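Notes for the structure review
Take a look at the letters that make up each chain.
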Amino acid sequence: MVEDMKGKIRVFCRIRPLNKSEEARGSQFVVGCPDEYSVTVGCARGLKEFQFDRIFNSTSSQEEIFEDTSRLIQSAVDGYNVCIFAYGQTGSGKTFTMIGDKELKSPGVMPRAFNRIFHIVEENKTKFDFKVSVYMLELYNERLLDLFVNPNEAFSKKIEIKKDKKGLVFVQGAETKEAASAEMLFALFKQGCMNRHIAPTKMNVESSRSHLIIGVTIESTNLTNGSVTYGKLSLVDLAGSERAAKTGAKDEQLKEANSINKSLSALSDVIFALSTGQSFIPYRNNKLTQLMQDSLGGNAKTLMFVNISPADYNAEETVISLT
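Worth saying up front: this structure is predicted, and the values here are computed from it rather than measured.

Right, let's talk about the overall build of the chain for a bit. Scanning the chain from N- to C-terminus turns up eleven helices and 16 strands. Its C-alpha radius of gyration of 19 Å places the chain within 12% of the 20 Å reference for a compact globule of 323 residues. Seen through its principal axes, the chain has C-alpha atoms that stretch 65 × 45 × 45 Å. Looking at the chain residue by residue over its 323 residues, the buried ones come to 53%. By sequence separation, contacts in the chain at least 24 residues apart represent 68% of the contacts at least 6 residues apart. For the chain, the accessible surface area stands at approximately 15200 Å², while carbon and sulfur atoms represent 51% of it. Side chains of the chain carry 40 positive and 39 negative charges; the gap between the two charge centres is 4 Å.

Right under this line is the structure:
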């Protein structure tokens, strides 16, 4: 009930600290948060202010970020569809928010969510029998690729987005693997990450050129009456949104950038249509929104992290992301 009262779609904004290249450039901090719901950006056209459900400043920890998120994991186990995703320009801290640092000294939303799922499973094992399974895909240049198979094989494999009788989206042709523990789920996740498309851009040395989509399905059988519920947690690390001129993208990378921007714009159209209560939601405009359809509308619960850089050098992109 508490989660329902908070609304179907929540948007959190996270401001990262200045990074080394911004400090080396002598960048100034132009982002402020007057309170926990407002963020301001000083740009060429004056001071702009935006309101969100929650603002996390540059000193917020990964624990704080996950605190409000963890209750949504409970909703997924309870049979709801939940979608958590990170949006923002390249280098704004999306992957850090969603996955964490390389050594996982500061794990992000995904590893914490895996732990939380199995913590809830453990707590309820006398009342329910649980089955947790996962698929892992990337959307690259408008093609869906299965990250659980060898990259060469993935390109020749046909994957289709379908809906079952209950309206649940499933991915025909993609490998789904069962996980019996958080460690196993994380090992599968690491295996999938090794097959992902990454290319350097001027904005970021390890820039993700694709959207990463993880679908964790939780099937629970009530041991008293035998009833079965299905919940799905979609965890999405979106590719960076930015102008090609800023990143120095050429040829193949330019094609990638155009494809990324097209899918992000389709996603923002869907979010806008849902949040303004429109009767028609344009899910079919892109594979990304088709894939996330059952986790965005209806009874689903959506949490979006808008990640921003605080530097004057990125002020324009920051304003675009927040808008």
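Okay, the pairing of strand β7 (residues 128–140) next. The buried fraction of β7 is high, at ten of 13 residues. By the bridge criterion, twelve bridges tie β7 to strand β14 (residues 211–222) in an arrangement that is antiparallel. Across the sheet, F128 pairs through a bridge with N222, a residue of β14. As defined by bridge partners, β7 adjoins strand β11 (residues 177–179) across three bridges and the pair is classed as antiparallel. Looking across to β11, one finds that V132 is bridged to A179. In this structure, β7 lies alongside strand β8 (residues 143–146), joined through four bridges in antiparallel fashion. Within β8, the residue paired with E138 across the bridge is L145.

What follows concerns the side chain of S70. Residue placement: S70 occurs in helix α3 (residues 62–77). Engagement of the side chain of S70 in a polar contact is seen with the backbone oxygen of E67, the distance being 3.1 Å.

Let us look at the nonpolar core. Ranked by internal contacts, the top residues of the largest apolar core, which has 44 residues, are V39, F85, L296 and L322. Examining the composition of this core, we find that six residues originate from one element, helix α9 (residues 251–275), more than from any other. For L296, the residues in contact, after removing those within four places along its chain, are C83, F85, L267, V270, I271, L274, Y283 and T302. One finds I117, V121, L147 and L185 within the second-largest nonpolar core, a separate group that totals 41 residues.

The rules behind each value
- Residues numbered from 1 in each chain as written.
- Predicted model: local features only at pLDDT ≥ 70, side-chain atom pairs only at ≥ 80, totals over all residues.
- Heavy atoms only, no water.
- Helix = DSSP H or I, 4+ residues; strand = E, 2+ residues; numbered from the N terminus.
- Rg over C-alpha atoms; globule rule 2.2 N^0.38 Å.
- Buried < 20%, exposed > 50% of the residue type's maximum accessible area, 1.4 Å probe, protein only.
- Contact = heavy atoms within 4.5 Å.
- Areas by Shrake-Rupley, 256 points an atom, 1.4 Å probe, with all protein chains shown as cover.
- Lys, Arg positive; Asp, Glu negative; His and termini not counted.
- Charge placed at Lys NZ, Arg CZ, Asp CG, Glu CD.
- Pairing = 2+ DSSP bridges.
- Polar contact = N/O pair within 3.5 Å; in protein donor to acceptor, adjacent residues only side chain to side chain.
- Core = buried A, V, L, I, M, F, W, Y, C linked by side-chain atoms within 4.5 Å.

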